[in-house]
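Listed below are the residues making up each chain.
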Amino acid sequence: MVRRSKAENGTDLTGRKKAAILLVALGPEIAADIYRNLTDAEIEQVTVEIAALGSMSADTINLVLEEFYHTAMAQQVLGQGGIQKARDILEKAVGPKKALEIIARLQGVLQVTPFDFVKRVEPEHLLNFIQGEHPQTIALILSHLSPEQAAPVISALPPEQQAEVALRIATMDQTAPEITREVERVLERKIATVLSQEFTTVGGVEALAELLNRVDRTTERSIMETLEAENAELADSIKKKMFVFEDVVLLDDRSIQQVLKEVDQRELAVVLKGSSDDVKQKIFSNMSQRAAEIVKEDMEFMGPVRVRQVEEAQQRFVSVIRRLEEAGEITITRSEEDLIT
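For clarity, every value in this text was computed on a predicted model and none was experimentally measured. (Residues numbered from 1 in each chain as written. Predicted model: local features only at pLDDT ≥ 70, side-chain atom pairs only at ≥ 80, totals over all residues. Heavy atoms only, no water.)

Draft legend 1. The overall build of the protein chain, seen in detail. The helix and strand inventory of the protein chain stands at 19 helices and zero strands. Considering the protein chain as a whole, with its 341 residues, one finds that 40% of them fall into the buried category. Taking as baseline every contact in the protein chain between residues at least 6 positions apart, the subset at least 24 positions apart corresponds to 76%. Here the protein chain displays about 19,300 Å² of accessible surface, and carbon together with sulfur accounts for 50% of that area. (Helix = DSSP H or I, 4+ residues; strand = E, 2+ residues; numbered from the N terminus. Buried < 20%, exposed > 50% of the residue type's maximum accessible area, 1.4 Å probe, protein only. Contact = heavy atoms within 4.5 Å. Areas by Shrake-Rupley, 256 points an atom, 1.4 Å probe, with all protein chains shown as cover.)

Draft legend 2. Representation of the environment of Asp33 in the model. Looking at where Asp33 falls in the secondary structure, it is placed in helix H3 (residues 28–35). Contacts of Asp33, omitting those with residues within four sequence positions, involve Glu122, Glu124 and His125.

Draft legend 3. A look at the environment of Ser143. Inspection of the secondary structure assignment puts Ser143 in helix H8 (residues 135–143). With a relative accessible area of 34%, Ser143 lands in the partly exposed category. Through-space distance from the C-alpha of Ser143 to that of Ala166 is 9.7 Å; in sequence the pair is 23 residues apart. Here the side chain of Ser143 touches Leu140 through a polar contact of 2.7 Å, landing on its backbone oxygen. (Polar contact = N/O pair within 3.5 Å; in protein donor to acceptor, adjacent residues only side chain to side chain.)

Draft legend 4. Region of the structure containing the packing of helix H15 (residues 253–260) against helix H19 (residues 307–326). Running from N to C, H15 and H19 point in directions that differ by 115 degrees, and their axes come no closer than 10 Å. In terms of orientation, H15 lies roughly perpendicular with respect to H19. Considering only the axes of H15 and H19, their crossing is right-handed. In this structure, H15 uses Gln258, Val259 and Leu260 to contact H19, whose residues at the interface are Phe317, Val320, Ile321 and Leu324. Classifying every residue of the contact of H15 with H19 by side-chain character gives six nonpolar, one polar and no charged. (Axes fitted to C-alpha atoms, helices over the stretch in contact; angles between N-to-C directions. Parallel < 35°, antiparallel > 145°, perpendicular 65-115°, else oblique. Left-handed = near helix turned anticlockwise from the far one by under 90°. Nonpolar A, V, L, I, M, F, W, Y, C, P; charged D, E, K, R; others polar.)

Draft legend 5. Region of the structure containing the confidence of the model for the protein chain. For the protein chain, per-residue confidence averages 75 on the pLDDT scale, and residues scoring 70 or more make up 75% of the total. Across the protein chain, element-level confidence peaks in helix H17 (residues 277–284) with a mean pLDDT of 94 and bottoms out in helix H1 (residues 6–9) with 46. Below a pLDDT of 50 lies the segment residues 1–10, which in the model reaches 16 contacts outside its immediate sequence neighbourhood of four places, other chains included. Contacts for the low-pLDDT stretch residues 108–112, under 50 throughout, to residues beyond four places or in other chains number seven contacts. (pLDDT = per-residue confidence, 0-100.)

Draft legend 6. Quick peek at helix H16 (residues 265–273). All buried positions along H16 are accounted for by Leu268, Ala269, Val270, Val271 and Leu272. Those residues of H16 that are buried are in contact with H15, H17, helix H18 (289–301) and H19. N-capping of H16 is provided by Asp264, with a side-chain oxygen placed 2.8 Å from the backbone N of Arg266.

Draft legend 7. Inspection of the packing of aromatic side chains at higher detail. A complete count under the given rule lists zero aromatic pairs for this structure. Geometry around Phe284 places Lys296 over its ring, the cationic atom sitting 4.8 Å from the centre. (Phe/Tyr/Trp six-rings, centres within 6.5 Å; stacked < 30°, edge-to-face > 60°. Lys NZ or Arg CZ within 6 Å of the ring centre and 35° of its normal.)

Draft legend 8. How the structure looks around the side chain of Ser275. Mapped onto the elements, Ser275 comes out in the loop between H16 and H17. Classification of Ser275 by relative accessible area gives buried; the value is 11%. A polar contact is formed between the side chain of Ser275 and the backbone oxygen of Leu272, at a distance of 3.0 Å.

Draft legend 9. Region of interest: the packing of helix H2 (residues 15–26) against helix H4 (residues 40–53). Across the interface, H2 lies against H4 with an axial gap of 8 Å and an inter-helix angle of 70 degrees. By the angle between their directions, the pair H2 and H4 is classed as roughly perpendicular. In this structure, H2 contributes Arg16, Lys17, Ala19, Ala20, Ile21, Leu23 and Val24 to the contact, and H4 contributes Gln45, Val46, Glu49, Ile50 and Leu53. Residues that form the contact of H2 with H4 fall into these classes: eight nonpolar, one polar and three charged.

Draft legend 10. Region of the structure containing the pattern of salt bridges. Counted according to the given criterion, the structure contains seven salt bridges. With a shortest N-O distance of 2.3 Å, Arg36 and Asp33 are connected by a salt bridge. Among the salt bridges present, the one from Arg290 reaches Glu293, with a minimum N-O distance of 3.8 Å. Here Arg290 and its partner Glu293 are both found in helix H18, three residues apart, which amounts to about one turn of the helix. The class of Arg290 is exposed, set by a relative accessible area of 52%. On the basis of relative accessible area, Glu293 is assigned to the partly exposed category, the value being 34%. (Salt bridge = Lys/Arg side-chain N within 4 Å of Asp/Glu carboxyl O.)

Draft legend 11. Up close: the side chain of Gln314. Mapped onto the fold, Gln314 is located in helix H19. We classify Gln314 as buried; its relative accessible area is 10%.

Draft legend 12. Molecular detail of helix H9 (residues 147–156). Of the positions making up H9, those classed as buried are Gln149, Ala150 and Val153. Looking down the long axis of H9, one finds its buried residues gathered within 90 degrees of arc, a one-sided arrangement. What points out from H9, more than 90 degrees from its buried face, is the exposed set Pro147, Glu148 and Ser155. (Arc of directions from axis to C-beta.)

Here it is as structure tokens:
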């Protein structure tokens, strides 16, 4: 018989660590959306956990995903038939002991109403789940949501569908409980498919850097400032991952020229020794012809250079970029969302 470790059984995983595993497993885009709904303190806590995760076994990841799924399922069932029905169903699904753990975690905390689990789904994601459904079904779902959550969903519907859904919401009176439960069941199954993917490794500096590359700049800076205060070495590792040397091609010409003022030409020859043609073209096009020729000659005459030496020089080049960005002298454009047209 194969014995699982405590981690694989999930017994030594804290709530924060489980949240970190779940966020990374869901992917950076969904995690970034979730971040927007957390408090500053929660963001700081889960960020530290994500950075410290490293690699996790597939068993551990699956256990966390299963726990999240069963908790969501229990939350839905509580609204349909009460504590006892939820316990009966969970016992068949996960066994008596696990069912008691889930119910104990939920009991006294949840005030479940129809479609309560949907209220935790971002409007843009909810739209993906319900588009294509019958207008009456969409109206039933939206009528159970707060105006703040329902408004962006109905706004994103095609114009001809907006009016029809609005009319059905206005004229909706009472809906048979069995119909409501069936719509809930189908929608919950759709949402649950998000968790059906297989994951093998999660967390660590790279995962956190990828996540931070997708959040807004204010959130990014707030998180990084906290990490710098608590673990400067970790914060520096994340910074290095968030802007790699190859991203130099994303800088505008003015920024490149500003960076080049801070870099010695001899050092630049080492930096460019192992770079791509695109990077070389970006750098040389922002130098005078004479200066570019000198760097090219240095690259040619210096002969072979150790890979480690090139990588260290490139990292110093990136450090200059990060320093100038933090000083507000240049801007790193990570995506179209950073641009104002």
